[in-house]
Amino acid sequence: RDVGYSSDYMQEGDPRIFPWGDFMRRTRVDELPQLLNVLKGDMHLIGPRAESSKLVEFYKKEIPFYNMRSIVKPGITGWAQVKYKYGGDIEDTKEKLMYDIYYIKNWSTLLELKTVWLTIKVVVDRKGL
């Protein structure tokens, strides 16, 4: 089966999520291991969110310019994550790609600071879960 169907995306009440995983997701503890990747230099704090390699290959075939996201290292948070809702399908992925490309083309210290501020707001307001 090819990827990109709604069953490939996490959904509200997704039966694949067990209680401990749900707790980790709600408290964002699941993001902590990525800090090791930042310290190793494999990721940045801010940049396009990493996707599974299976989805990346699918998106590269289906979405023009999707590979532009790989110009920069992935981030734990990103402009698309703070400006757009959680993506549940390929149309959402196309929208998020526009935010990722905007971030890449318009990178600045101010944009980084805005992204950090909006990320803090998202976490404190418990949005995007």
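In the block above lies the structure referred to throughout.
Residues numbered from 1 in each chain as written. Predicted model: local features only at pLDDT ≥ 70, side-chain atom pairs only at ≥ 80, totals over all residues. Heavy atoms only, no water.

Trainee: Is there a simple way to think about the overall build of the chain in this case?
Mentor: A tally of regular secondary structure across the chain gives six helices and two strands. Listed N to C, the secondary structure of the chain is α-α-β-α-β-α-α-α in terms of helices and strands. Put simply, the chain has 129 residues, and 32% of those count as buried. Partitioning the intrachain contacts of the chain with sequence separation of at least 6 by distance along the chain shows that 69% fall at a separation of at least 24. (Helix = DSSP H or I, 4+ residues; strand = E, 2+ residues; numbered from the N terminus. Buried < 20%, exposed > 50% of the residue type's maximum accessible area, 1.4 Å probe, protein only. Contact = heavy atoms within 4.5 Å.)

Trainee: Teacher, can you tell me more about the pattern of salt bridges here?
Mentor: Close approach of charged atoms lets side chains of opposite charge pair. As enumerated under the stated definition, the model contains five salt bridges in all. Between Lys40 and Asp42 there is a salt bridge whose closest N-O contact spans 3.5 Å. Judged by its relative accessible area of 59%, Lys40 is exposed. Across the pair Lys85 and Asp92 runs a salt bridge, and its minimum N-O distance is 3.7 Å. Overall, Asp92 belongs to the buried group, its relative accessible area being 8%. (Salt bridge = Lys/Arg side-chain N within 4 Å of Asp/Glu carboxyl O.)

Trainee: Got a minute to help me understand a nonpolar patch on the surface in this structure?
Mentor: On the surface, Phe18, Trp20, Phe23, Val29, Leu32, Leu35 and Leu45 cluster together into a nonpolar patch covering about 690 Å² of accessible area. Where the nonpolar patch is concerned, the elements lending two or more residues are helix H1 (19-27) and helix H2 (32-40). Tracing the chain through its elements places Leu35 in helix H2. According to the relative accessible area criterion, Leu35 is partly exposed, its value standing at 37%. (Patch = residues over 30% accessible without salt bridge, like charges linked within 9 Å, V, L, I, M, F, W, Y side chains within 5 Å. Areas by Shrake-Rupley, 256 points an atom, 1.4 Å probe, with all protein chains shown as cover.)

Trainee: Looking at this structure, how should I read the side chain of Thr77?
Mentor: Considering the arrangement of structural elements, one finds Thr77 in strand E2 (residues 75-77). If we skip the residues at most four places from it in the chain, Thr77 touches Leu45, Ile46, Gly47, Val82, Thr115 and Thr119.

Trainee: Can you help me understand the packing of aromatic side chains in this one?
Mentor: The geometry of two aromatic rings is summed up by the distance between their centres and the angle between their planes. One pass over the structure, following the stated rule, counts four aromatic pairs. Aromatic pair Trp79 and Tyr102: ring centres 6.2 Å apart, planes at 25°, arrangement stacked. Taken together, the residues Trp79 in helix H4 (residues 79-83) and Tyr102 in helix H5 (residues 90-105) connect sequence positions 23 residues apart. Each member of the aromatic cluster is reached from another via a ring pair, and the members are Phe58, Tyr59 and Tyr66. (Phe/Tyr/Trp six-rings, centres within 6.5 Å; stacked < 30°, edge-to-face > 60°.)

Trainee: Sorry, what's going on with the nonpolar core here?
Mentor: One broad trend across soluble globular proteins is that nonpolar side chains are buried collectively. Grouped together as the largest cluster of nonpolar side chains are nine residues: Leu55, Val56, Phe58, Tyr59, Ile63, Tyr66, Ile90, Leu97 and Ile101. Put simply, the parts of the chain that give this core at least two residues each are helix H3 (53-62) and H5. Looking at this core, the element that brings in the most residues is H3, giving four residues. Those residues within four positions of Ile101 in sequence are excluded, and the remaining contacts are Phe65 and Met68. The next biggest cluster of nonpolar side chains, apart from the first, holds six residues, and it includes Ile46, Trp79, Val82 and Ile104. (Core = buried A, V, L, I, M, F, W, Y, C linked by side-chain atoms within 4.5 Å.)

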